[in-house]
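One letter stands for each residue in the lines below.
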Amino acid sequence: MTRRFDPLLLYAVLFVLFLYGPMLLMPLFSLNDGNFATFPLKGFTLRHYGEMARNTSMMTALKNSLIVGLGVSVTATALALPAALALTRYRVPAGGAILSFMMLPLVVPSIVLAVGLLIVVLRLLGLPLSLWTVAAGHLMLCIPFGMTVLMSRLEGFDKSLEEASRDLGAGGWSTFRRVTLPLAAPGVISSLLLCFIISFDEFVISFFLTGTDNTLPVFLFSQLRFPNRLPGTLALGSLILVGSAVLVILAEVVRKRGVASDNPGDI
Amino acid sequence: MDDPIIRIDGVQKSFGSFTALNDIRFDIQRGEFFSLLGASGCGKTTLLRILAGIEQPTHGQLMIDGKPMAGVPANRRPTNMVFQSYAIFPHLTVRENIGYGLVYQNLTKAEARARTDEAIELVKLTGLDDRSAHQLSGGQRQRVALARALVCRPKVLLLDEPLSALDKKLREEMQQELRSLQRTVGITFVFVTHDQEEALTLSDRIAVMSGGRVLQIDTPEGLYERPNCLEVAEFVGTMNLFPATVQRMDGGQVIADGGALGTLVGRSPDRPVAPGEAILIAVRPEKIELSASGTTGPNRVAGRVASLSYLGDRSHFLVAVDGLAAPVAVYRSNSERATAAAGTEVWLSWSETDALVLHR
């Protein structure tokens, strides 16, 4: 008895290769003992990782990106949560219009957004370009993403839970702290992770609004002119790849757990 | 002494242009098991939510325990609610759910624990303290919701169709438990339901609602035996209706002309009728006698058995009568052994004291 060849299996293998192949080349070349990212491979080395760690301007850019990413994700989530609560929990006059307006940065091309922000910052506000202006731009981009995640979470649970809390004696703040926030927590964590990744990865707005302090994507772009520095970039890229994978898996685990605890046994 | 626990005085509620409640006014007495009965959309849940303080009335006054409730939010009212969805907090255990409201009652930790223990025992959830909501069955979640409300020792317990999500057997069990629980704790229960049988079984008094109005407030027996209008008569139990025209009044009786049905005599209603007025003579199915032969006279109608269903202890007959659109329902106990096969000619008769006069 022979197993029949399944053409769908070939499709699946090609699909995964196409999706992840290019990404896997990065860690491969980062461990290759050579200065150029070409085949044939020459041998195993960790020296590019050492170079990476010694490259202070690269490390500064990484640090800048982490600071901006953390700040933006916390601020965007903190701003999106009350807005998402208002739009899902209360009858807000013109709520639909407000929501569409808040979602605009999702559909406006970021190059347009970037040019617009540059004009606002330089001409209207007269502020110097810095990490602050980069963060402000990222914040604008991240709030709609945070809103989307939080609203879908808040719409997912029964409004009578909050009514029950009020009925049992809890005031508005107490209800938020004891019922709304714990139930929204998976959404809050998703929003934090999503906003961080968006900010960390953002290039166009950063490129326009950055001053002397580079964020990582802008720094990496500037390094492309020097081919001998590429392996160090690959080493950093590999580390970020691993880091993001861990974050995404973590987010998924948290989300799954949240879903499980909300479906109190369908009878 | 007139000291009602709840006084609803002219309460009206509008959502935009839709009037959900219209000039509701009645009292609920201390310790009563009071039901709000009506089809969905009749305003009963809205009224309950106004009592709880979750919704505010557009107009009108509400007093609970002698205090006006205008501007008093849900968390400061002496009421607690069992929600239709139970609204068990999914992130908390059974014990944490039940103890949720005690935080706001200025109790010591030991007192709160004792009260929670007592409530867990009262609703027979002992040993399930550390379960979370999704590990509970429907009946258990209902008990948690009940304990969580009762543990706060409300003056009034509000129940929003708490049994509608349970299967028939469990629902009947819980009905018995609810009734005995209410007697044990002695708290006023206000119970919303669309199930007339449930309301009749459980309640001391029932308010029948329709289209945002209260049609009748009475004891279960009063509602069944003396409905004050056609809508109540048809909503509570089954009612046979014979159209007729008033001829004259004689003492406590109304003598009416039923056309092809002959003379129909009924008990005078509270609201007077005038000669010539079009009325309905209403008779419950179990009040109608079936006989194979008979003489003509008042409240005697000839018909033919269209169908019969054997239900063990009783049989249900549907009797087609000339001049009536709907067949007449007749319930007879099988202890009488008075059967009539489908297709046979029969005489229907009833006492004038069992015939109600309803306005058309």
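Use the structure listed above.
Residues numbered from 1 in each chain as written. Chains lettered and ligands numbered in written order. Predicted model: local features only at pLDDT ≥ 70, side-chain atom pairs only at ≥ 80, totals over all residues.

Peer 1: Go over the overall build of chain B, please, and point to the residues and values.
Peer 2: Along its length, chain B carries 8 helices and 20 strands. For the C-alpha atoms alone, the extent of chain B along its principal axes is close to 80 × 45 × 40 Å. With 360 residues in all, chain B has 41% of them scored as buried. A separation threshold of at least 6 residues defines the contact pool for chain B, and within that pool the share at least 24 residues apart is 64%. (Helix = DSSP H or I, 4+ residues; strand = E, 2+ residues; numbered from the N terminus. Buried ≥ 20, exposed ≤ 12 C-beta atoms within 10 Å, placed from the backbone. Contact = placed C-beta atoms within 7 Å.)

Peer 1: Got a sec to walk through the nonpolar core? Specific residues and values, please.
Peer 2: Counting 138 residues, the largest nonpolar core has A145, A147, L158, V190, V208, I281 and A282 of chain B as the members making the most contacts within it. Counting 11 residues, the second largest nonpolar core, distinct from the first, contains M52, L216, V218 and F219 of chain A. (Core = buried A, V, L, I, M, F, W, Y, C linked by C-beta atoms within 7 Å.)

Peer 1: Could you give me a rundown of the environment of P78 of chain B, with the residues and numbers involved?
Peer 2: Residues and elements named next belong to chain B. Along the polypeptide, P78 turns up in the loop between β5 (67-68) and β6 (79-82). Spatially, the C-alpha atoms of P78 and M209 are 25 Å apart, while their sequence positions differ by 131 residues. Not counting residues within four places of it along the chain, the set of residues in contact with P78 comprises I64, D65, P154, K155 and V156.

Peer 1: Tell me about the sheet that holds strand β1 (residues 6-15) of chain B, residues and numbers included.
Peer 2: All names here are of chain B. Across the sheet, which stays open at both edges, the 4 strands sit in the order β2-β1-β4-β5 with antiparallel pairing between neighbours. In this open sheet, the two strands that pair with only one neighbour each are β2 (18-28) and β5. In terms of strand pairing, β1 meets strand β4 (residues 59-64) through 5 bridges, oriented antiparallel. Note on β4: the bridge partner recorded for R7 is M63. (Pairing = 2+ DSSP bridges.)

Peer 1: Would you mind going over the sheet that holds strand β3 (residues 33-37) of chain B in detail, with residue names and values included?
Peer 2: Backbone-to-backbone hydrogen bonds join strands into a sheet, with any given pair of strands oriented parallel or antiparallel. All names here are of chain B. Spatial strand order, β6-β7-β8-β3-β9-β10: 6 strands in an open sheet with mixed pairing. Pairing within the sheet leaves two strands with one partner each, and these edge strands are β6 and β10 (213-218). Within the sheet, the average angular offset between the axes of one strand and its neighbour, ignoring direction, is 20°. As defined by bridge partners, strand β9 (residues 205-210) adjoins β10 across 5 bridges and the pair is classed as antiparallel. The residue of β10 that forms the bridge with A207 is I217. (Axes fitted to C-alpha atoms, helices over the stretch in contact; angles between N-to-C directions.)

Peer 1: Can you break down the interface of chain A and chain B residue by residue, with the values?
Peer 2: In this assembly, 20 residues from chain A lie in contact with 26 residues from chain B. Element by element, the count of residues in the side of chain A that touches chain B is highest for helix α7 (residues 160-167) of chain A, at 6 residues. Grouping the amino acids of the side of chain A that touches chain B by side-chain chemistry returns 9 nonpolar, 6 polar and 5 charged. (Nonpolar A, V, L, I, M, F, W, Y, C, P; charged D, E, K, R; others polar.)

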